[in-house]
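# Per-entry structural report
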Amino acid sequence: MTTATPAAATGEAFGLAEGPVWDAVRQRLLWVDIHAGQVLEGALGPTGRISVTRRHQFDSTVGAVAVAEDGTLLVAAQEHLVVVAADGTRYDGPRIVGAGERRRLNDGSIDPTGRFLVGTLGLDGGSRRETLVRLEPDGEVTTLDSDLTLSSGLAWTADGRTLYSVDTLRRTVHVRDYTRVGTERRTHLRLADGYPDGIAMDAEENLWVAVWGKGEIRRYAPDGTIAARCRVPAPHTSSVAFAGPDLRTLVITTATSELTREQRTQHPDSGRLFTVRVDVPGIPVPAWLGCPSLLPC
């Protein structure tokens, strides 16, 4: 089954838009443009259009953004985390990637208890030592995985018991019991075409997967079968999130990165954000819990 075709929602195209997050308290959308080093805030209109309302510029790549209940942002810069207070004041958080390593932070998300998880990728490709880590309330960092090729999307079931995580270059979506420390991960999905990137969970525990290189979002039923496909007029669909007051607006980020000139001509809306209405709402993403060791948490 194919869902409705998404419509371009931004006038602006981005190089590598990623990590959309709906901030329900302030009714705003957050996302990043990784290589541009920008965290963007936007307003979602009733027709699905998104207007940029604020930009936070960094002097490095930015892989992900999360938001606390009071509006404080937690940003995954290239090698470390950065806290951005509501007034724009910034505080350095823990370093995740060693200084000068050919790696960077990539996708991240908030777990059901409010802790931030973030993964890494290698800048030279071919790595098999990329990590997925979790920032604890005391500021310590716990490693969940250390043998990934490219850590990407994260999503949890509504009860918080199950974590889905993406290893993009292996074309794999892993699943594990998130309630038990050290639980072994299992393969949930392995794509035969395209590369899984960002993911999101809906209220019926269907997993929505952005498939890089295929220009589509796939909705997988809990048993791993494809329940629907959502075609996007941009080959590099990078991530997906549920937004709006009812969490029934699907926001899709795309990229111009890695497209040839011919591909950009054929797909002129590449790099824009897209939206489409869906029947089943998403699961709310919790606010970041914060941590006492990182001002101003």
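Structure's up top.
What you see is a predicted model; the values in this text were computed from it and never measured.

### Concerning the pattern of salt bridges
Applying the stated rule across the entire model yields 23 salt bridges. Here Arg102 ties to Asp124 by a salt bridge, and the two come within 3.1 Å at their closest N and O atoms. Pair noted here: Arg102 is in the loop between strand S9 (90-95) and strand S10 (103-110) and Asp124 is in the loop between strand S11 (116-122) and strand S12 (130-135), with a separation of 22 residues, a long-range link. By relative accessible area, Asp124 is classed as exposed at 55%. Put simply, Glu216 and Arg231 hold a salt bridge, and the shortest N to O gap is 2.3 Å. Placement of the pair is Glu216 in strand S20 (residues 216-220) and Arg231 in strand S21 (residues 226-231), with a sequence separation of 15 residues. For Arg231, a relative accessible area of 42% gives the class partly exposed.

### Points about the sheet that holds strand S8 (residues 80-84)
Across the sheet, which stays open at both edges, the 4 strands sit in the order S6-S7-S8-S9 with antiparallel pairing between neighbours. Only two strands of the sheet have a single partner each, and these edge strands are strand S6 (62-67) and S9. Direction aside, neighbouring strands of the sheet carry axes that sit 20° apart on average. Across 4 bridges, S8 lies against S9 in antiparallel orientation. Within S9, the residue paired with Val83 across the bridge is Tyr91.

### Examining the sheet that holds strand S5 (residues 50-57)
Read from one edge of the open sheet, 4 strands run S2-S3-S4-S5, paired in antiparallel fashion. This sheet does not close on itself; its edge strands, each paired only once, are strand S2 (17-23) and S5. Strand-to-strand, the axes of this sheet are offset by a mean angle of 25°, without reference to chain direction. Pairing analysis gives 5 bridges linking S2 to strand S3 (residues 28-33), with the strands arranged antiparallel. Opposite Asp23, over in S3, you have Arg28 as the bridge partner.

### Here we look at unusual backbone geometry
In this structure, Gln27 takes a positive phi of about 50° despite not being glycine. Take Gln27: its relative accessible area is 37%, and that puts it in the partly exposed class. The phi angle at Arg171 is positive, at roughly 55°, despite the residue not being glycine. Tracing the backbone through its elements, the reader meets Arg171 in the loop between strand S15 (162-167) and strand S16 (172-177). Arg171 sits in the partly exposed class, given a relative accessible area of 24%.

### Some thoughts on the side chain of Asp167
Of note, Asp167 is situated in strand S15. There is a polar contact of 2.4 Å between the side chain of Asp167 and the side chain of Thr149. Excluding its chain neighbours within four sequence positions, the residues that come into contact with Asp167 are Leu148, Thr149, Leu150, Thr172 and His174.

Rules used in this analysis
- Residues numbered from 1 in each chain as written.
- Predicted model: local features only at pLDDT ≥ 70, side-chain atom pairs only at ≥ 80, totals over all residues.
- Heavy atoms only, no water.
- Salt bridge = Lys/Arg side-chain N within 4 Å of Asp/Glu carboxyl O.
- Helix = DSSP H or I, 4+ residues; strand = E, 2+ residues; numbered from the N terminus.
- Buried < 20%, exposed > 50% of the residue type's maximum accessible area, 1.4 Å probe, protein only.
- Pairing = 2+ DSSP bridges.
- Axes fitted to C-alpha atoms, helices over the stretch in contact; angles between N-to-C directions.
- Polar contact = N/O pair within 3.5 Å; in protein donor to acceptor, adjacent residues only side chain to side chain.
- Contact = heavy atoms within 4.5 Å.

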